[in-house]
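Observations on the model geometry
In case you want the letters, here they are:
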There are 2 protein chains.
Amino acid sequence: MGSNKKTLTTDSALLLDNQLCFALYSTSLAMTKLYKPLLEELGLTYPQYLVMLVLWEQDDVAVSELGSRLYLDSGTLTPLLKRMEAAGLLARSRSAEDERRVNIALTEAGRKLKARAARIPGCVVRAAQCPLPELVSLTQQVQALRQRLTA
Amino acid sequence: MGSNKKTLTTDSALLLDNQLCFALYSTSLAMTKLYKPLLEELGLTYPQYLVMLVLWEQDDVAVSELGSRLYLDSGTLTPLLKRMEAAGLLARSRSAEDERRVNIALTEAGRKLKARAARIPGCVVRAAQCPLPELVSLTQQVQALRQRLTA
DNA sequence: ATAAATTAAATTGCACACAATTTAATTGTG
DNA sequence: CACAATTAAATTGTGTGCAATTTAATTTAT
């Protein structure tokens, strides 16, 4: 009985649909697909949109600052920011005080894009077909989990 | 006042930390990083581990079946499965009944790997520092969201 | 029965993610 | 002051994800 129970437990722990990690992974990818057509109108990919969210909150930040807000490293951000610079959304410039740092600042076109992005959150909430309080609660639970995982 | 309220609402809707999508995205990436050292011992990447979870539940499935279980397409799965075949974990073979299909079957080494993977869920739950019932509840909420998004 | 439509994988091309390394600048220590 | 340690970006290489297309097999409709 004892070993039988252990086997059952082990098996159920390896079931795909019992995995929180897979729920997060597949739902995050589904979210990205939902954003895709909305962001295509703005000429942004989903990670680029995240960069814009940071910059619309606080312009002129270092790459490392973007990285700590988004949990991404320079290996991801450097090429991504170069593409966004080529698209005319932002400018990359070495900091004068600390030559190691590269500051990222929105261009006028980048700032203006915020107005066109304003409708996106509403579209997403509608697609989620879920009461706003539940979405807020779910967001907080997932953030709390992230905090424990990155601690 | 009316336009002021609208502006405030729009702004808060674009705050990074109010985005469920970003919570899911960043937490999913954090989860993947948590798995990385555990899976490295087994010679698996995280998406490859997901393939193994499916195959340990049901061996000998078509690529399309894997895709619908994992919400991934052949563009992702084909090269991934070729790497797993090269690693000796599974075999790819054209179906006799339907020559369009490619069946994926575990090798003996692939089946045996399940025993070594058995300890992984426990490690992850421990790292999440979260009561099991809460993890189960969160999993179900995220799955429900995925269902609404993919509907 | 056969042409058109559909389906299943594979392929191609692009954009992430990230570990590991490199380069360059700054900080800390004796 | 010199020099080791640290820090910030960039680079390199591997492995996803996915849209769009291609190839080949099967199904459907006529």
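Look above for the structure.
Residues numbered from 1 in each chain as written. Chains lettered and ligands numbered in written order. Predicted model: local features only at pLDDT ≥ 70, side-chain atom pairs only at ≥ 80, totals over all residues. Heavy atoms only, no water.

With respect to a nonpolar patch on the surface
Residue and element names in this part refer to chain A. Residues Val 125, Leu 132 and Val 136 make up a contiguous nonpolar surface patch of roughly 230 Å² in combined accessible area. On the secondary structure map, Val 136 appears in helix H8 (residues 132–149). Relative accessible area serves as the criterion here: at 40%, Val 136 is assigned to the partly exposed category. (Patch = residues over 30% accessible without salt bridge, like charges linked within 9 Å, V, L, I, M, F, W, Y side chains within 5 Å. Areas by Shrake-Rupley, 256 points an atom, 1.4 Å probe, with all protein chains shown as cover. Salt bridge = Lys/Arg side-chain N within 4 Å of Asp/Glu carboxyl O. Helix = DSSP H or I, 4+ residues; strand = E, 2+ residues; numbered from the N terminus. Buried < 20%, exposed > 50% of the residue type's maximum accessible area, 1.4 Å probe, protein only.)

Quick word on helix H2 (residues 20–40) of chain A
Its 21 residues place the ends of H2(A) 30 Å apart at the C-alpha level, agreeing with the 30 Å of an ideal helix rising 1.5 Å per residue. In H2(A), a bend of some 25° at Leu34(A) exceeds every other bend along the element, and Pro37(A), a proline, comes one to four places later. (Expected span 1.5 Å × (residues − 1). Bend = angle between axes of the 7 residues up to and from the residue.)

Focus: the interface of chain A and chain B
Accessible area lost upon the coming together of the parts is a frequently used measure of interface size. At the junction of the two partners, chain A supplies 53 residues and chain B supplies 53 residues. Between chain A and chain B, the buried area comes to about 5300 Å², and carbon and sulfur atoms account for 68% of it. Where chain A packs against chain B, one counts two salt bridges. Among the salt bridges present, the one from Asp17(A) reaches Arg69(B), with a minimum N-O distance of 3.6 Å. Inspection of the chain A/chain B interface yields 17 residue pairs in polar contact (both at pLDDT 80 or more). Mapped by element, the contributors of at least two residues to the side of chain A that touches chain B are helix H1 (2–13), H2, helix H3 (46–57), helix H4 (63–70), helix H6 (108–117), helix H7 (120–128) and H8 of chain A. Here the element with the most residues in the side of chain A that touches chain B is H2(A); it accounts for 15 residues. Taken together, the residues that form the side of chain A that touches chain B break down as 35 nonpolar, ten polar and eight charged. (Contact = heavy atoms within 4.5 Å. Buried area = accessible area lost by both parts, 1.4 Å probe. Polar contact = N/O pair within 3.5 Å; in protein donor to acceptor, adjacent residues only side chain to side chain. Nonpolar A, V, L, I, M, F, W, Y, C, P; charged D, E, K, R; others polar.)

Comments concerning unusual backbone geometry
Residue and element names in this part refer to chain B. Backbone geometry places Tyr 71, a non-glycine residue, at a positive phi of 60°. Along the polypeptide, Tyr 71 turns up in the loop between helix H4 (63–70) and helix H5 (74–86). Phi at Gln 129 is positive, roughly 45°, even though this residue is not glycine. Structurally, Gln 129 is set in the loop between helix H7 (120–128) and helix H8 (132–150).

Overview of the sheet that holds strand S2 (residues 90–94) of chain A
Residues and elements named next belong to chain A. On the basis of which strands lie adjacent, the open sheet formed by three strands has the order S1-S3-S2 and antiparallel pairing. For this open sheet the edge positions go to strand S1 (61–62) and S2, each flanked by a neighbour on one side alone. Alignment of S2 against strand S3 (residues 102–106), held across five bridges, turns out to be antiparallel. Along S3, the bridge assignment pairs Leu 90 with Leu 106. Along the sheet, H3 makes contact with S1, S2 and S3, crossing S3 at roughly 85°. (Pairing = 2+ DSSP bridges. Axes fitted to C-alpha atoms, helices over the stretch in contact; angles between N-to-C directions.)

Let's talk about the protein's contact with DNA strand D
Close contacts around DNA strand D come from 30 residues, with Tyr25(A), Lys82(A), Arg92(A), Thr45(B) and Gln48(B) the closest. The sugar-phosphate portion of DNA strand D accounts for 76% of its atoms within 4 Å of the protein, the bases making up the rest. Here Val63(A) contributes a backbone N or O atom positioned 3.3 Å from a phosphate oxygen of DNA strand D. One nitrogen or oxygen atom from the main chain of Glu99(B) is found 3.1 Å from a phosphate oxygen belonging to DNA strand D. (Near = heavy atom within 4 Å.)

Focus: the protein's contact with DNA strand C
In the neighbourhood of DNA strand C, 30 residues make up the surrounding shell, with Thr45(A), Tyr25(B), Thr78(B), Lys82(B) and Arg92(B) lying closest. Of all DNA strand C atoms lying within 4 Å of any protein atom, the proportion belonging to sugar or phosphate reaches 76%. The side chain of Thr45(A) places a nitrogen or oxygen atom 2.7 Å from a phosphate oxygen of DNA strand C. Those elements that place two or more of their residues in the surface near DNA strand C are H3 and helix H5 (74–86) of chain A together with helix H2 (20–40), H4, H5 and strand S2 (90–94) of chain B. Each residue belonging to the surface near DNA strand C can be placed in one class, and the counts come to nine nonpolar, eight polar and 13 charged.

Focus on the environment of Asp60(A)
Residue and element names in this part refer to chain A. On the secondary structure map, Asp 60 appears in the loop between H3 and S1. Accessibility expressed as a relative area gives 47% for Asp 60, which makes it partly exposed. Sequence separation between Asp 60 and Arg 92 is 32 residues; the distance between their C-alpha atoms is 9.3 Å. Apart from residues lying up to four places away in sequence, Asp 60 is in contact with Leu 55, Asn 103, Ile 104 and Ala 105.

Some words on the pattern of salt bridges
Residues and elements named next belong to chain A. Scanning the entire structure with this criterion turns up 16 salt bridges over all chains. Arg 111 is the salt-bridge partner of Glu 108, the closest N and O atoms lying 2.9 Å from each other. Of this pair, Glu 108 and Arg 111 are both found in helix H6, three residues apart, which corresponds to roughly one turn of the helix.

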